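# Per-entry structural report
Chain residues, written in single-letter form:
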Amino acid sequence: MDAVLSHANATPESLASWQAIDLSRSIPPQPSLFTPMLQESLERLACRRDIGLLLRNSTAGGTAGDRSAARLWLRSRLPLDMLDERVLVCNGTQAALLLLFEALVGQGGLLAAEALSYGVLSQLAARAHIRVCGVELDDHGIDPSSFEAVCRRHRPKALYCNPTVHNPTASIMPEDHRQAIVDIARHYGVAIIEDEPLGCLHPEAPAPIAAMAPDITWYVAGVTKGLAHGFRIAYLVGPSEREIQEIASAVGRLSYWFPSALSAAVLRDWIESGSADQIRTAISEEAKIRQKMASDILVGLDLTLREGALHGWLMLPQKLDRRELVQKLAQNNVFIRQSDAFAVEPHRRQVNAVRISLSSPLDRQDVVRGLGAIAKECQASM
Ligand SMILES: Cc1ncc(COP(=O)(O)O)c(C=O)c1O
């Protein structure tokens, strides 16, 4: 580790000569068993006599086999009895969110969301022609009193939230706050859309809101973070079989949200063979190693990290403006994102903080170099 950490003292001049270090995107590292497991899976599929037929069609919500694999995958977070006939396999989280925004919020309707949220939320909302209103955050995620005030004043149709290792602040909402959010949502008749891409890497986190209030919650879990971005697969669990069928039949002839048959078949094979579990465990282990690097290199700074998370949240020293930091680092080929990139109401004043993704570089050394550059700028400003 010491040898690794010595790179933290690299000068900006030497950094500039390195390739871009992308700590801005939060896609998972690729463990060494990934490629052989993909090769094995493709070989198994290649031996199937019906392999040609597999690609003849694509199925709204995935095939019965895809949906039963989904149930197996989701069982680390949701009770099995919740998953019967309530699961759709979609072409990624964004596709699932668009379905939900259209169905639950509707054109012109209002969606409440964490004031800092998934960076593409505003774009998705614009596509669905809905409005978004920010809910204040505290150290534990959504501040329930702010949610209550938003419900009382603005009557949103739904809440979009990311309670398990929040993007971008890395907070994990404790159980009592989850319950408070559910109580408020019930009181005001607000549907909850819970996006949990990191749940599969954090089985020990408090139970999803969907498990506490299955009748009002729509749960989305993509495999982008727990396995690989390239699958383009997310699982959507609805409150009931009837409601999930209503959503699916409204868009039954629009195939933009259908999963790719080949991708779904590989994922199913991985889940059923146990490869998926091994890969997510390896990703968690790698995430822990990278977090240790971050806490060592950024020691003494106000950094929020969660064991096994793919990103951290750094509150900056007062004298270091987040925009300047991001710019300076970019000049040296190190990329991170400032709080503003996650703001659902960009005109509001944002906290002086940045999100640091630890997972995207394939090489640990790049993570160390990037963190070293951040540490250097922070130290210079103190
Ligand atoms: C909050 C959140 N949801 C979902 C996703 C993944 O979306 P998709 O499944 O469309 O890749 C991300 C990843 O970038 C994310 O940060």
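This one's a predicted model, so the numbers in the text were calculated from it and none came from an experiment.

## Things to note about the UniProt feature "domain: Aminotransferase class I/classII large" (unreviewed entry) in the protein
Residues annotated in UniProt with the feature "domain: Aminotransferase class I/classII large" (unreviewed entry) correspond here to residues 85-371. Helix makes up 39% of residues 85-371 and strand makes up 19%, while its end C-alpha atoms are separated by 45 Å.

## Let's talk about unusual backbone geometry
Cis peptide bonds are those with omega within 30 degrees of zero, and the linkage from Asn167 to Pro168 qualifies with 20 degrees. Structurally, Pro168 is set in the loop between strand E7 (158-161) and helix H9 (175-188). Notably, Ala170 is not glycine yet its phi reads approximately 70 degrees, a positive angle. Tracing the backbone through its elements, the reader meets Ala170 in the loop between E7 and H9. Its identity is not glycine, yet Asn333 carries a phi of approximately 70 degrees, on the positive side. Mapped onto the elements of the fold, Asn333 is located in the loop between helix H14 (322-331) and strand E13 (334-335). For Asn333, a relative accessible area of 24% corresponds to the partly exposed category.

## Some thoughts on the nonpolar core
Ranked by size, the top nonpolar core spans 41 residues in total, and within it Trp73, Leu227, Phe231, Tyr235 and Trp270 carry the most contacts. Residue assignment for this core shows that the elements contributing at least two residues are helix H3 (34-46), helix H5 (64-74), strand E2 (87-90), strand E9 (217-222), strand E10 (234-237), helix H12 (261-273) and helix H13 (275-297). The biggest single contributor to this core is H12, with six residues. Formed jointly, this core draws a minimum of three residues from each of two domains, domain 1 (2-31 + 281-380) and domain 2 (57-273). Excluding residues that lie within four positions of it along the chain, Trp73 makes contacts with Cys200, Val223, Leu227, Tyr235, Ile271, Ala276, Asp277 and Arg280. The next biggest cluster of nonpolar side chains, apart from the first, holds 34 residues, and it includes Ala96, Leu98, Ala128 and Val344.

## Brief notes about the side chain of His311
As for its placement among the helices and strands, His311 is situated in strand E12 (residues 311-315). On the basis of relative accessibility, which here comes to 1%, the residue His311 falls in the buried class. Among the polar contacts made by the side chain of His311, one reaches the main-chain carbonyl oxygen of His166 at a distance of 3.0 Å. At 3.4 Å, the side chain of His311 and the backbone oxygen of Pro168 are in polar contact.

## Some remarks on the site of the ligand
The full set close to the ligand counts 13 residues, and Thr93, Asn167, Asp195, Thr224 and Arg232 are the nearest of them. One nitrogen or oxygen atom from the side chain of Thr93 is found 2.7 Å from an oxygen atom belonging to the ligand. The contact in question runs from an oxygen atom of the ligand to an N or O atom on the side chain of Tyr118, over 3.2 Å. When the ligand is considered free in solution it has 400 Å² of accessible area, and contact with the protein chains removes 92% of it. Per-class residue counts for the shell around the ligand are three nonpolar, seven polar and three charged.

## So, H14
Here H14 has its buried residues at Arg322, Leu325, Val326 and Leu329. For H14, the angular spread of the buried residues around the axis is 95 degrees, confining them to a single face. Opposite the packed face of H14, turned more than 90 degrees from it, sit the exposed residues Glu324, Gln327 and Gln331. On its buried face, H14 sits against E13, strand E14 (337-338), strand E15 (353-357) and helix H15 (364-380). Remark: Asn333 follows H14 within two positions and exhibits a positive phi of approximately 70 degrees.

## A few points about the sheet that holds E12
Spatially, four strands are ordered E11-E12-E15-E14 in an open sheet, and the strand pairing comes out antiparallel. Of all the strands in the sheet, just strand E11 (302-304) and E14 have a single pairing partner and so form its edges. One ladder, built from five bridges, connects E12 with E15; its direction is antiparallel. Its bridge partner lying in E15, Met315 is registered against Ala353.

Calculation rules
Residues numbered from 1 in each chain as written. Predicted model: local features only at pLDDT ≥ 70, side-chain atom pairs only at ≥ 80, totals over all residues. Heavy atoms only, no water. UniProt positions renumbered as here; feature names shortened; annotations may be inferred. Helix = DSSP H or I, 4+ residues; strand = E, 2+ residues; numbered from the N terminus. Buried < 20%, exposed > 50% of the residue type's maximum accessible area, 1.4 Å probe, protein only. Core = buried A, V, L, I, M, F, W, Y, C linked by side-chain atoms within 4.5 Å. Domains from an automatic or database assignment. Contact = heavy atoms within 4.5 Å. Polar contact = N/O pair within 3.5 Å; in protein donor to acceptor, adjacent residues only side chain to side chain. Near = heavy atom within 4 Å. Areas by Shrake-Rupley, 256 points an atom, 1.4 Å probe, with all protein chains shown as cover. Nonpolar A, V, L, I, M, F, W, Y, C, P; charged D, E, K, R; others polar. Arc of directions from axis to C-beta. Pairing = 2+ DSSP bridges.

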